Amino acid sequence: MTVIPDLTNATPATREYYALPEEIRTAAKAIAGPPRPMTHIEVLLAIATAIANEREAAKRGER
């Protein structure tokens, strides 16, 4: 059983993650592997991908 940390000052993403069922969180951890620092280009890619996804969702009228 995983212990959920105090989410008082957590980001919305952290709250959403811990709201998922434990089995899904466990599977995600297995896929992602251990924490590691991201390179600058990986950070840029993550941000750019999120922006592109939001624009696509807006075009479909989802946001």
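Residues numbered from 1 in each chain as written. Predicted model: local features only at pLDDT ≥ 70, side-chain atom pairs only at ≥ 80, totals over all residues. Heavy atoms only, no water.

### A word on the packing of aromatic side chains
Definition in use: Pairing of aromatic side chains requires ring centres within 6.5 Å, counting the rings of Phe and Tyr and the six-membered ring of Trp. Pairs whose planes differ by under 30 degrees are stacked, by over 60 edge-to-face, and all others tilted. Working definition: with a 1.4 Å probe on protein chains only, accessible area under 20% of the residue-type maximum means buried, over 50% means exposed, and in between means partly exposed.
Scanning all chains against the criterion turns up one aromatic pair. Centre to centre, the rings of Tyr 17 and Tyr 18 are 5.0 Å apart; their planes meet at 85°, and the pair counts as edge-to-face. Of the residues examined, Tyr 17 reaches a relative accessible area of 24% and is grouped as partly exposed.

### A word on the pattern of salt bridges
This is how it is decided: Any Lys or Arg side-chain nitrogen located within 4 Å of an Asp or Glu carboxyl oxygen qualifies as a salt bridge. In DSSP terms, a helix is any run of H or I states spanning at least four residues, a strand is any run of E spanning at least two, and both are numbered starting from the N terminus.
Inspection of the entire model under this criterion finds two salt bridges. Across the salt bridge formed by Arg 36 and Glu 42, the nearest N and O atoms sit 3.0 Å from each other. Judged by its relative accessible area of 24%, Glu 42 falls in the partly exposed class. Residue Lys 59 is joined to Glu 56 by a salt bridge in which the shortest nitrogen-to-oxygen separation is 3.5 Å. Of the two residues, Lys 59 and Glu 56 are both situated in helix H3 (residues 40-59); the distance of three residues between them amounts to about one turn of the helix. Overall, the relative accessible area of 67% leaves Lys 59 in the exposed class. Look at Glu 56 and you get partly exposed, because its relative accessible area is 38%.

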